[in-house]
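# Structural overview
Spelled out from the first residue to the last, the chains are:
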Amino acid sequence: MFLSLTSEISIMAWAMAATAVFLMGASKAGLKGMSILNVTLMALAFGSKASTGIFMPLLIVGDIIAVIYYNRHTQWKYILKFIPWMVLGILIGVLVGKDLPEVEFKWGMVTVIFISLGLLYWWDRRKSTHIPTHWMFAGSMGIMAGICTMIGNLAGAFTNIFFLAMRLPKNQFVGTAAWLFFITNLFKLPFHIFVWKTVTLETLWVDIKLIPAILAGIYVGIRLVKIIREGFFRKMILVLTALGALLLLFR
């Protein structure tokens, strides 16, 4: 049992959890790049492993709303190109997640995130219109996204990099990511229930209390996405991903 009774959860923990879920809702609505902030706050509130289970049902709620709202913008060819690698990464994450030392995982992930961000920044600076087509690019980003989403719900950095590299316009970016995460989160759920046992009746009760926060985040996110310019959208994702990596490093 990863959690004590909800009555024993402190007000500060509830506040951090509600903030995390609000930001996650805004992210599902299109304000990408905040996933590491969400995970950090939730881990501080409930602990690293327990927080992954609490997040799962809430992520799926956000996915459903995002899929309904942005479905018309989905680009399935990019999902089909990316998702097999991501599924492979999830299976790897299931196998190693129980015993993987958190410190080693954290340092490795932060290193990869900053290397990837550096490459993407250089790519944008040289104004290249080239879109990577080699299978190794989708494969490496997909496997890392799968491992990170299983162990810490932290696929955002790698999926952001992949979709930005594909030069997807803002709405297509959001709609494609919505379906990708909906499919992969459903795939992850049985592993959390039956293998890691991080989704329980107790965690579901916590989720029910946090649903208003995710609905508020989705509403605010949809409103903000409509007024954000394309160029600013790309820069915002890069900055928030880098900030999130720093917060994860010092968590």
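If you're wondering where the values come from, they're calculated on a predicted model, not measured in any experiment.

The rules we used
- Residues numbered from 1 in each chain as written.
- Predicted model: local features only at pLDDT ≥ 70, side-chain atom pairs only at ≥ 80, totals over all residues.
- Heavy atoms only, no water.
- 1 Å grid on protein atoms, 1.4 Å probe; cavity = no way out; pocket = protein on both sides within 12 Å on 5 of 7 lines; lining within 4 Å.
- Points joined across faces, edges and corners; volume = space filled by probe spheres on them.
- Helix = DSSP H or I, 4+ residues; strand = E, 2+ residues; numbered from the N terminus.
- Nonpolar A, V, L, I, M, F, W, Y, C, P; charged D, E, K, R; others polar.
- Axes fitted to C-alpha atoms, helices over the stretch in contact; angles between N-to-C directions.
- Parallel < 35°, antiparallel > 145°, perpendicular 65-115°, else oblique.
- Left-handed = near helix turned anticlockwise from the far one by under 90°.
- Contact = heavy atoms within 4.5 Å.
- Salt bridge = Lys/Arg side-chain N within 4 Å of Asp/Glu carboxyl O.
- Buried < 20%, exposed > 50% of the residue type's maximum accessible area, 1.4 Å probe, protein only.
- Expected span 1.5 Å × (residues − 1).
- Bend = angle between axes of the 7 residues up to and from the residue.
- Core = buried A, V, L, I, M, F, W, Y, C linked by side-chain atoms within 4.5 Å.
- UniProt positions renumbered as here; feature names shortened; annotations may be inferred.

### Some remarks on empty space enclosed by the protein
On inspection of all chains with the given rule, the structure shows two cavities of 30 Å³ or more. The space that makes up the largest cavity amounts to roughly 250 Å³. Lining the largest cavity are 21 residues; nearest its centre among them are K28, S35, L59, N153 and F181. Looking at the lining of the largest cavity, the elements with two or more residues in it are α1 (11-28), α2 (35-46), α3 (48-70), α7 (156-165) and α8 (170-195). Grouping the constituent residues of the lining of the largest cavity by class yields eight nonpolar, 10 polar and three charged.

### A word on the packing of helix α4 (residues 76-97) against α7
Between two packed helices, both the angle of their axes relative to each other and the distance between the axes serve to describe the pair. In contact at an axis separation of 12 Å, α4 and α7 are set at 150° when each is read in the N-to-C sense. Taken together, the axes of α4 and α7 lie roughly antiparallel to each other. Crossing hand, α4 versus α7: right-handed. For the pair α4 and α7, contact is made by Y78, K81, F82 and M86 and by T159, F162 and F163, respectively.

### With respect to the side chain of H192
Position of H192 relative to the elements: it lies in helix α8. Ignoring anything within four residues of it in the chain, the contact list for H192 reads T52, G53, M56, M150, K197, T198 and V199.

### Things to note about the pattern of salt bridges
Applying the stated criterion across every chain, the model contains one salt bridge. Of the charged contacts, one joins D63 and K28 as a salt bridge, the two residues approaching to 2.5 Å between their closest N and O atoms. Linking D63 in helix α3 with K28 in helix α1, this pair joins segments that are 35 residues apart in sequence. Side by side, D63 and K28 carry an identical accessibility label, which is buried.

### Regarding α8
Relative to the 38 Å expected for 26 residues at 1.5 Å per residue, α8 spans 36 Å between its end C-alpha atoms, a close match to the ideal helical length. Along its length, α8 reaches its greatest deviation from straightness, about 25°, at K188, and the proline P190 lies no more than four positions downstream.

### Examining the environment of Y69
With respect to the helices and strands, Y69 occurs in helix α3. Classification of Y69 by relative accessible area gives partly exposed; the value is 30%. Along the sequence, Y69 and G175 sit 106 residues apart, while their C-alpha atoms lie 8.2 Å from each other. Residues contacting Y69, with those up to four places away along its chain left out, are I222 and K226.

### Quick look at the nonpolar core
Counting residues in hydrophobic clusters, the biggest one holds 66 residues, and the most contacted among them are V21, M42, F46, F55, F162, F163 and L210. The element best represented in this core is α3, accounting for nine residues. Setting aside residues up to four positions removed in sequence, L210 forms contacts with W14, A17, A18, V21, M42, I54 and L58. In terms of nonpolar packing, the next biggest core, distinct from the first, is built from seven residues, I90, V94, I147 and W196 among them.

### Focus: the UniProt feature "transmembrane region" (unreviewed entry) in the chain
UniProt tags residues 12-31, 52-70, 76-95, 107-123, 143-165, 177-196, 208-225 and 232-250 as "transmembrane region" (unreviewed entry). The distance separating the terminal C-alpha atoms of residues 52-70 is 25 Å; by composition the span is 100% helix and 0% strand. With 95% helix and 0% strand, residues 177-196 has end C-alpha atoms that lie 26 Å from one another.

### A short note on α1
Taking 1.5 Å of rise per residue, the 18 residues of α1 would be expected to cover 26 Å, and the 25 Å separating its terminal C-alpha atoms lies within 8% of that figure. Within α1, the full set of buried residues consists of A13, W14, M16, A17, A20, V21, M24, G25, A26, S27 and K28. One or two positions beyond α1, positive phi appears at G30, with a value near 130°.

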